Amino acid sequence: TLGEAAQVDRVYIFENAIGPGGVDRRLFARHVWSRGGASVESAIRDLKNLDYDQLFPRWFEILSSGRPISGRVLDFLKLNQPQGEPTLRSILLVPIVSENHFWGIIGFDDHNVNRAWASGDEAILKAVATPVQLGGGVRDMRTVEAWLAKGVARIIIGTAALRDPDFVREAA
């Protein structure tokens with residue numbers, strides 16, 4: 001898996017939900033992988049409806065401008081006095097941008113190491129966060145809808161466009 005290859009404890013994808021007028025900016029966990037089979041369902045349940053402005057001031061602006069966030073959690077918390085070690089030690093977050101829209105984030109975290117993330121770790125996440133387009137063998141709306149539901153950003157319709165113009169109009 002991606003998490004095993006990067007030697008991290010958790011990999012996740014969050015989708016943004018932005019209220020009218022750009023206020024009420026929230027994150028919702030969509031996919032979570034945890035090392036050692038930790039409960040993914042409880043992680044997704046615990047990571048829903050996170051308020052950017054309350055929990056992570058400035059992160060929305062940084063990520064929406066296309067910049068990653070990485071570092072030790074203690075540095076982000078800016079604790080003046082030790083109040084116990086956080087259960088999460090290090091994070092790396094990369095924005096997912098599709099058609100100039102800040103859709104969400106993909107991230108790694110480490111629970112055991114105060115880690116300085118390597119440029120290779122960031123490159124892995126940037127590659128994964130790149131929108132995917134798919135072509136070949138797409139001949140009906142059920143196939144189009146199935147691929148879009150899996151996160152494909154664009155579908156290329158080739159020969160089917162020549163043979164079935166109505167299909168192209170429906171897919172548009």
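Please read these numbers as outputs of a predicted model, since none were measured by experiment.

A. Fine view of the packing of aromatic side chains. Evaluated as defined, the whole model comprises 4 aromatic pairs. When the ring of tyrosine 52 is compared with that of phenylalanine 60, the centres are 5.1 Å apart and the planes differ by 80°; the resulting orientation is edge-to-face. For the pair shown, tyrosine 52 and phenylalanine 60 are each scored as buried. An aromatic cluster is built from Tyr52, Phe60 and Phe102, whose rings are joined through pairwise contacts.

B. Structural view of the sheet that holds strand 3 (residues 50-51). If you trace the 6 strands from one edge of the open sheet to the other, you get 3-2-1-6-5-4, paired in antiparallel fashion. Each end of this open sheet is capped by a strand with a single partner; those strands are strand 3 and strand 4 (69-72).

C. Structural detail: the pairing of strand 2 (residues 25-34). In terms of burial, strand 2 is a largely internal element, 7 of the 10 residues being buried. When strand 1 (residues 10-18) meets strand 2, the two strands line up antiparallel, connected through 9 bridges. Note on strand 2: the bridge partner recorded for arginine 10 is serine 34. Of the pairings in the sheet, the one linking strand 2 to strand 3 comprises 2 bridges and is antiparallel in character.

D. Focus on the side chain of aspartate 109. Along the polypeptide, aspartate 109 turns up in strand 6 (residues 101-110). One polar contact links aspartate 109 to arginine 10, side chain to side chain, over a distance of 2.8 Å.

E. Structural view of unusual backbone geometry. Its identity is not glycine, yet aspartate 24 carries a phi of approximately 60°, on the positive side. Tracing the backbone shows aspartate 24 in the loop between strand 1 and strand 2. Look at aspartate 24 and you get partly exposed, because its relative accessible area is 42%. A positive phi angle, near 60°, is found at asparagine 49, a position not held by glycine. Turning to its location among the elements, asparagine 49 is positioned in the loop between helix 2 (40-46) and strand 3.

F. Structural view of the nonpolar core. The biggest cluster of nonpolar side chains holds 18 residues, and the ones touching the most others in it are Phe14, Tyr52, Trp59, Leu63, Leu93 and Ile105. Mapped by element, the contributors of at least two residues to this core are strand 1, strand 2, helix 4 (59-64), strand 5 (90-98) and strand 6. The contacts of tryptophan 59, once residues within four sequence positions are left out, are Tyr52, Ile69, Phe76, Ile91 and Leu93. Counting residues in each nonpolar core, the second largest holds 10 residues, with Ala6, Ile96, Phe108 and Leu125 among its members.

G. Broad picture of the pattern of salt bridges. Tallying each qualifying case throughout the model produces 9 salt bridges. Between aspartate 110 and arginine 115 there is a salt bridge, and its shortest N-O distance comes to 3.1 Å. Its relative accessible area of 17% is what places arginine 115 among the buried residues. Between aspartate 166 and arginine 169 there is a salt bridge; the shortest N-O distance is 2.6 Å.

H. Representation of the environment of phenylalanine 14 in the model. Along the chain, the position of phenylalanine 14 falls in strand 1. Overall, phenylalanine 14 belongs to the buried group, its relative accessible area being 5%. Each C-alpha atom of the pair phenylalanine 14 and arginine 26 lies 9.6 Å from the other, and the pair is 12 residues apart in sequence.

I. Region of the structure containing the environment of arginine 10. Here arginine 10 is to be found in strand 1. Here arginine 10 falls in the buried class, since its relative accessible area comes to 15%. Separated by 81 residues in sequence, arginine 10 and isoleucine 91 have C-alpha atoms that sit 9.5 Å apart. Those residues within four positions of arginine 10 in sequence are excluded, and the remaining contacts are Val32, Trp33, Ser34, Leu47, Gly107, Phe108, Asp109 and His111.

Each value, and the rule that gives it
- Residues numbered from 1 in each chain as written.
- Predicted model: local features only at pLDDT ≥ 70, side-chain atom pairs only at ≥ 80, totals over all residues.
- Heavy atoms only, no water.
- Phe/Tyr/Trp six-rings, centres within 6.5 Å; stacked < 30°, edge-to-face > 60°.
- Buried < 20%, exposed > 50% of the residue type's maximum accessible area, 1.4 Å probe, protein only.
- Pairing = 2+ DSSP bridges.
- Helix = DSSP H or I, 4+ residues; strand = E, 2+ residues; numbered from the N terminus.
- Polar contact = N/O pair within 3.5 Å; in protein donor to acceptor, adjacent residues only side chain to side chain.
- Core = buried A, V, L, I, M, F, W, Y, C linked by side-chain atoms within 4.5 Å.
- Contact = heavy atoms within 4.5 Å.
- Salt bridge = Lys/Arg side-chain N within 4 Å of Asp/Glu carboxyl O.

The values are spatial; any link to function lies outside them.
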